[in-house]
Amino acid sequence: MKITRNDLRLEAGGALAPPLPRAHGVSRREVAEVLPRLAGVAPALLAPNAESGFLQLPRRRAALRAVLEAAAKLRRGVDDVVHLGIGGSSLGAETLLRALAHPHHNLLSPRRRRAPRVHFIDNADGDTLAGLLDCLDLRRTLLHVVSKSGGTVETAAAFAVLREAFARRRINWRKRCVFTTGEAGALRELAVAEGVQCLDFPEDVGGRWSALSPGGLLTPALAGVDVAAVVAGARRFAARVKAAPLQENPAAIAAAIAWLLAERRGKTIHAFMPYADGLEALSRWFVQLCGESLGKPRPTGGMGGTGGAAHGPSGGGRDGLTARAELAGGTGPTPLPARGATDQHSQMQLFAEGPADKLVIFVAVARPRQRLALPGGPPANWLRGIGMADLLRAEREGSTFALARAGRPTLTWELPALTPAALGQLLTALEVQTACQAALYGINAYDQPGVEAGKAQAFARLGRPGHDLQHRQATTHQPPSWKI
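Residues numbered from 1 in each chain as written. Predicted model: local features only at pLDDT ≥ 70, side-chain atom pairs only at ≥ 80, totals over all residues. Heavy atoms only, no water.

## What about the nonpolar core?
Stage number 1. Core analysis: the largest hydrophobic core is formed by 97 residues, its most contacted members being I257, L279, W285, W413, L415 and L430.
Stage number 2. Ranked by the residues each element gives to this core, the list is headed by helix α15 (residues 420-441), at 13 residues. (Core = buried A, V, L, I, M, F, W, Y, C linked by side-chain atoms within 4.5 Å. Buried < 20%, exposed > 50% of the residue type's maximum accessible area, 1.4 Å probe, protein only. Helix = DSSP H or I, 4+ residues; strand = E, 2+ residues; numbered from the N terminus.)

In structure tokens, the structure reads:
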């Protein structure tokens, strides 16, 4: 397929050696040697029985229609939407909203906004939830509750508080809710029993891969974001992955470079640094995608196909509780969120002159929505006529140069503009990159047993039935107390 000026591009030259010293960069030859290992990844992801269906989401037009129809119906008479979810059940929706809605969406007047305000409750912090309740007219509030399992404890807790608040005001909560959940589980059962509208969370897609599923699309659609264009952009990048040879697949090349830098050059910290305030939530989304997908025990055997063939030293039965020595030698880079140009005044010093263990991944926007020309005047009259967009671009280019001079590798994803279609391409590219990296590590990109172990311990401490025995068995792993 022909790549146009409206397509996502990857600038990989900042990671090459030369001009970087060989100890800190990779050669084109090394990348070419690694790419054949990824030959089976895209066909496996596009197959009907793929281990994860994230790359097939853009082709599921019935799910998109359900989202658009629900959004058109549900936004009527609604001033506020409260999105209840955590991790992947919240970050995808927030990424789309922050990037594509007005930067101050909730502060616009109702006449200019022409859509509900949106609030995300993604933590078990009672102060935040109680404070939000002080600001809402519950008679004109809609809850979007997102949980694939239907039993996510933080989401269930927030929903219980809000449902009780509706009851105290004698408001029928059933008419003020929509659920997105899996085929089975407590939330689905509640929806059936109480007649609550329900959208389907795809069974073959995990939370952190679900930004383009109903759980990620409905809330931004309620706020007026063109989610159909987001999905169209994702569909275009998926077609690019299918059609292009590996040496022209930017996600595969980014994966090969990131893996080589981590495994052969010791660049085990990957800072993700978009130069756009609207992409700050994207940094947090990337941190979860990378951290949960790639942070696994190092497999003892060969490489997996799509990252799903190897499940670590003890397979799928690993409980994550035993502090075994091999866990110290696990796989995966540590993702670090940053924001340009803000973090040039904090973390950039570390990136440029601290330990040489980092790859910095920039995200650039070629054609910003606002140039905002500067009028000049003291204390920086020399800025007269320069646009804010020019300033931000110069800051990013300066950072790239400074890191190159210091021998530090960079990659840059370049969006043509911050549009729905371009963001759909970028989300898909980062997902494919992560799947490719998992294949190189030979690990399962789609599980998170280390997270599940922590959940089990929390349930035991809260007295959830069925977790007492596990709690007693695990007491030997409780760290000793040393309070000063």
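That covers the picture; the talk isn't over yet.
## Let's talk about the packing of helix α4 (residues 88-100) against α15
Stage number 1. At a minimum axis separation of 11 Å, α4 and α15 run at an interaxial angle of 145 degrees. Considering how the two elements wind past one another, α4 and α15 form a crossing that is right-handed. From α4, T95, L96, A99 and L100 reach across to α15, where they touch P420, L423 and L427.
Stage number 2. Residues belonging to the contact of α4 with α15 are distributed by class as follows: six nonpolar, one polar and no charged. (Axes fitted to C-alpha atoms, helices over the stretch in contact; angles between N-to-C directions. Left-handed = near helix turned anticlockwise from the far one by under 90°. Contact = heavy atoms within 4.5 Å. Nonpolar A, V, L, I, M, F, W, Y, C, P; charged D, E, K, R; others polar.)

## Things to note about the sheet that holds strand β2 (residues 80-84)
Stage number 1. Read across the sheet, five strands follow the order β3-β2-β4-β5-β6 without closing on themselves; strand pairing throughout is parallel. Because the sheet does not close on itself, it has two edges, and the strands there are β3 (117-121) and β6 (197-200). The average undirected angle you get between the axes of adjacent strands in this sheet is 20 degrees.
Stage number 2. Across five bridges, the pairing between strand β4 (residues 141-147) and strand β5 (residues 177-181) is parallel. Counterpart to V145 in the pairing with β5 is F179.
Stage number 3. Contacts between α4 and the sheet are confined to β2, β3 and β4, with β3 contributing the most and set at about 150 degrees to the helix. (Pairing = 2+ DSSP bridges.)

## Some details on helix α14 (residues 388-405)
Stage number 1. Taking 1.5 Å per residue, 18 residues should reach 26 Å; α14 reaches 26 Å between its end C-alpha atoms and fits that length.
Stage number 2. Every buried residue of α14 is listed here: A389, D390, R396, S399 and L403.
Stage number 3. In this structure, the buried residues of α14 make contact with α13 (348-353), β9 (358-365) and β10 (410-415).
Stage number 4. Backbone geometry just after α14 places G407 at a positive phi near 75 degrees. (Expected span 1.5 Å × (residues − 1).)

## Side note on the packing of helix α12 (residues 280-294) against α15
Stage number 1. Contact geometry of α12 with α15 gives a least axis separation of 10 Å together with a crossing angle of 20 degrees. Viewed along their axes, α12 and α15 adopt a mutual orientation that is roughly parallel. Both α12 and α15 take part in a crossing whose hand is right-handed. Along the contact surface, α12 presents L282, W285, F286, L289, S293 and L294, while α15 presents L426, L427, L430, E431, T434, Q437 and A438.
Stage number 2. Looking at the contact of α12 with α15 residue by residue, the classes come out as nine nonpolar, three polar and one charged. (Parallel < 35°, antiparallel > 145°, perpendicular 65-115°, else oblique.)

## Points about the pairing of strand β7 (residues 269-274)
Stage number 1. Summarising burial for β7: five of the six residues are buried, a large majority.
Stage number 2. Both β7 and β9 contribute to a ladder of six bridges, which runs parallel. Across the sheet, the residue bridging to F272 is I361, located in β9.

Keep in mind these values describe shape, not function.
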